[in-house]
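Notes for the structure review
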Amino acid sequence: MVQRVQTGEGVGETAVDGLLAGLAAGAVMMLFLLGAGLLGGTAVATTLGYFDPAQGENWLNGLLGHLAVSGVYGVVFGVVRGWLAGWKTAVGRHSWLLGVVYGVVLWAAAVLFL
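A quick note: this is a predicted structure, and the numbers were derived from the prediction, not measured.

**Structural notes on the overall build of the chain**
- Assigned secondary structure in the chain consists of 5 helices and 0 strands.
- Going residue by residue from the N terminus, the α and β elements of the chain occur as α-α-α-α-α.
- For the chain, the residues scored as buried account for 22% of the 114 residues in total.
- Counted over contacts in the chain with a minimum sequence separation of 6, partners at least 24 positions apart contribute 55%.
- By element, 72% of the accessible surface of the chain is carried by carbon and sulfur atoms, the whole surface being about 7700 Å².

**Some points on helix H1 (residues 11-39)**
- Taking 1.5 Å of rise per residue, the 29 residues of H1 would be expected to cover 42 Å, and the 41 Å separating its terminal C-alpha atoms lies within 8% of that figure.
- Of all the residues in H1, the buried ones are Thr14, Ala15, Gly18, Gly22, Gly26, Met30, Leu34 and Gly37.
- Of the residues trailing H1, glycine 41 is marked for its positive phi of about 85°.

**Looking at the side chain of threonine 47**
- Tracing the sequence through the fold places threonine 47 in helix H2 (residues 44-49).
- Take threonine 47: its relative accessible area is 6%, and that puts it in the buried class.
- Every residue in contact with threonine 47, bar those within four places of it in the chain, is listed here: Leu33, Leu34, Gly37 and Thr42.

**Thoughts on unusual backbone geometry**
- Although it is not a glycine, glutamine 55 adopts a positive phi angle of roughly 55°.
- Judged by relative accessible area, glutamine 55 falls into the exposed class, the value being 70%.
- Unusually for a residue other than glycine, glutamate 57 sits at a positive phi of about 60°.
- Within the secondary structure layout, glutamate 57 lies in the loop between H2 and helix H3 (59-85).
- Owing to a relative accessible area of 57%, glutamate 57 belongs among the exposed residues under this scheme.

**Points about the layout of surface pockets**
- Its boundaries defined by the atoms lining it, the largest pocket holds a volume of some 1100 Å³.
- Its residues assigned to classes, the lining of the largest pocket shows 18 nonpolar, 11 polar and 2 charged.

**A few points about the confidence of the model for the chain**
- In this model, the chain carries a mean pLDDT of 83, and residues with pLDDT of at least 70 account for 82%.
- Below a pLDDT of 50 lies the segment residues 1-6, which in the model reaches 10 contacts outside its immediate sequence neighbourhood of four places, other chains included.

Each value, and the rule that gives it
- Residues numbered from 1 in each chain as written.
- Predicted model: local features only at pLDDT ≥ 70, side-chain atom pairs only at ≥ 80, totals over all residues.
- Heavy atoms only, no water.
- Helix = DSSP H or I, 4+ residues; strand = E, 2+ residues; numbered from the N terminus.
- Buried < 20%, exposed > 50% of the residue type's maximum accessible area, 1.4 Å probe, protein only.
- Contact = heavy atoms within 4.5 Å.
- Areas by Shrake-Rupley, 256 points an atom, 1.4 Å probe, with all protein chains shown as cover.
- Expected span 1.5 Å × (residues − 1).
- 1 Å grid on protein atoms, 1.4 Å probe; cavity = no way out; pocket = protein on both sides within 12 Å on 5 of 7 lines; lining within 4 Å.
- Points joined across faces, edges and corners; volume = space filled by probe spheres on them.
- Nonpolar A, V, L, I, M, F, W, Y, C, P; charged D, E, K, R; others polar.
- pLDDT = per-residue confidence, 0-100.

If you want it as structure tokens, here you go:
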């Protein structure tokens, strides 16, 4: 039988934790993409412009849009992770692995569909 464990954190705290982690993960991914773009001969502003939600190729809009989406994905993950961490399961104890899987799924979805 699965038992619920009290973690002491509410949904608000886990959402904020997820937001901050999502912003950090988004920044790391952006650095990776900028590096890959530079290796491919693409300017930093051009790479950032690909993420402009209005498709105007504005580098600042692209940067802020990417970080906003990363923050939202982080909030979703933070709330789900907070819920799972309270359960005595392998997923709850190893939520970092769930984060890796979540990141790979988001990356694959972006490559395949966006």
